[in-house]
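Coordinate analysis (summary)
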Amino acid sequence: QVQLVESGGGLVQAGGSLRLSCAASGRTFSRNWMGWFRQAPGKEREFVATISGSGGSTYYADSVKGRFTISRDNAKNTAYLQMNSLKPEDTAVYYCGVNNDGGTAQPREYDYWGQGTQVTVSS
């Protein structure tokens, strides 16, 4: 059983940076893949990035590759999403998820979710 809490969202101008955090509680953290997803109004939840339990493997959506960086600190039970060169189209609610079975880009395959944090990028 895992509980997740996202934080760090807010309002930022285009071209700016923001770092999201995902604090996890539960007996297991380092053994699970962590993923970041986002959902804009009127759209389905979409994949952003995922990272393996050890942090040795990462995958990114094409739309954020080169701008976003996913990382984790297992000693602190926390995952991060560093977002640079933000664009208005990045505006969405960002969610952190845990996949007990592996790393995928499909939201329906994740077992636990946080409440989400709003990211708004102004032009």
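In this report, the structure presented in the accompanying data block is examined. Here the structure is a predicted model, which means the values were calculated and not measured.

Rules behind the numbers
Numbers given for residues are sequential positions, taken from 1 along each chain in its written order. With pLDDT at 70 or above as the cut-off, local features in this predicted model cover only qualifying residues; side-chain atom pairs require 80 or more to be listed or tallied, and sums for whole chains, interfaces and linings still use all residues. The basis for every side-chain value is the complete set of heavy atoms in the structure, and neither hydrogens nor water enter the calculation. Secondary structure elements are taken from DSSP: a helix is a run of H or I of four residues or more, a strand is a run of E of two residues or more, and numbering for both begins at the N terminus. To get the radius of gyration, use the C-alpha atoms; to get the globule rule, take the number of residues to the power 0.38 and multiply by 2.2 Å. Exposed residues in this analysis have more than 50% of their type's maximum accessible area, buried residues have under 20%, and partly exposed residues fall in between, with area computed by a 1.4 Å probe over protein chains only. The criterion used for residue contact is that any of the two residues' heavy atoms lie within 4.5 Å. Accessibility throughout is a Shrake-Rupley quantity obtained with a 1.4 Å probe, and a residue counts as covered only by protein chains that appear here. His residues and chain termini do not enter the charge count, which takes Lys and Arg as positive and Asp and Glu as negative. Throughout, a charge is located at the NZ atom of Lys, the CZ atom of Arg, the CG atom of Asp or the CD atom of Glu. A pair of sulfur atoms, both from cysteines and within 2.5 Å, is called a disulfide here. A pair is scored as a salt bridge if a Lys or Arg side-chain nitrogen falls within 4 Å of a carboxyl oxygen belonging to Asp or Glu. Strand pairing is assigned whenever DSSP identifies at least 2 bridges connecting the two strands.

1. Some words on the overall build of the protein
Check the secondary structure of the protein and you find 0 helices and 11 strands. Order of helices (α) and strands (β) in the protein, N terminus to C terminus: β-β-β-β-β-β-β-β-β-β-β. For 123 residues, the compact-globule formula gives about 14 Å, and the C-alpha radius of gyration of the protein, at 13 Å, lands near that figure. When the 123 residues of the protein are sorted by exposure, 42% land in the buried category. The contacts in the protein between residues at least 6 apart in sequence include a share of 57% that link residues at least 24 apart. Split by element, the accessible area of the protein, about 6500 Å² in all, is 43% carbon and sulfur. Averaging the locations of the 12 positively and 10 negatively charged side chains of the protein gives two centres separated by 5 Å.

2. Topic: the state of the cysteines
Scanning the entire structure with this criterion turns up 1 disulfide. The residue that forms a disulfide with Cys22 is Cys96, at a sulfur-sulfur distance of 2.2 Å. In this structure, the disulfide formed by Cys22 and Cys96 twists by about -80 degrees around the S-S bond and is classed as left-handed. Here Cys22, found in strand β3 (residues 18–25), pairs with Cys96, found in strand β9 (residues 92–99); they are 74 residues apart in sequence, far enough to count as distant. For Cys96, a relative accessible area of 0% gives the class buried.

3. Notes on the pattern of salt bridges
Scanning all chains against the criterion turns up 4 salt bridges. Close ionic contact of Asp90 with Arg38 constitutes a salt bridge, the shortest N to O distance being 2.9 Å. Of the two residues, Asp90 sits in the loop between β8 (78–83) and β9 while Arg38 sits in strand β4 (residues 33–39), which places them 52 residues apart along the sequence. The class for Arg38 is buried, based on a relative accessible area of 6%. In this structure, Lys65 and Asp62 form a salt bridge, with 3.3 Å as the shortest nitrogen-oxygen distance. Overall, Lys65 belongs to the exposed group, its relative accessible area being 52%. Within the structure, one salt-bridge network assembled from shared partners comprises Arg38, Glu46, Arg67 and Asp90.

4. Structural notes on the pairing of strand β7 (residues 68–73)
Here β7 shows a clear split, with Phe68, Ile70 and Arg72 buried on one side and none of Thr69, Ser71 and Asp73 buried on the other. One ladder, built from 6 bridges, connects β7 with β8; its direction is antiparallel. By the bridge assignment, Arg72 is partnered in β8 with Ala79. Connecting β7 to the antiparallel partner β8 that follows it, the hairpin turn spans 4 residues, and Asn77 within it adopts a positive phi of roughly 55 degrees.

5. Let's talk about unusual backbone geometry
One non-glycine residue, Asn77, adopts positive backbone phi at about 55 degrees. For Asn77, the location among the structural elements is in the loop between β7 and β8. For Asn77, a relative accessible area of 27% gives the class partly exposed. Within the chain, Ser85 stands out as a residue other than glycine whose phi angle is a positive 50 degrees. Since its relative accessible area comes to 42%, Ser85 is described here as partly exposed.

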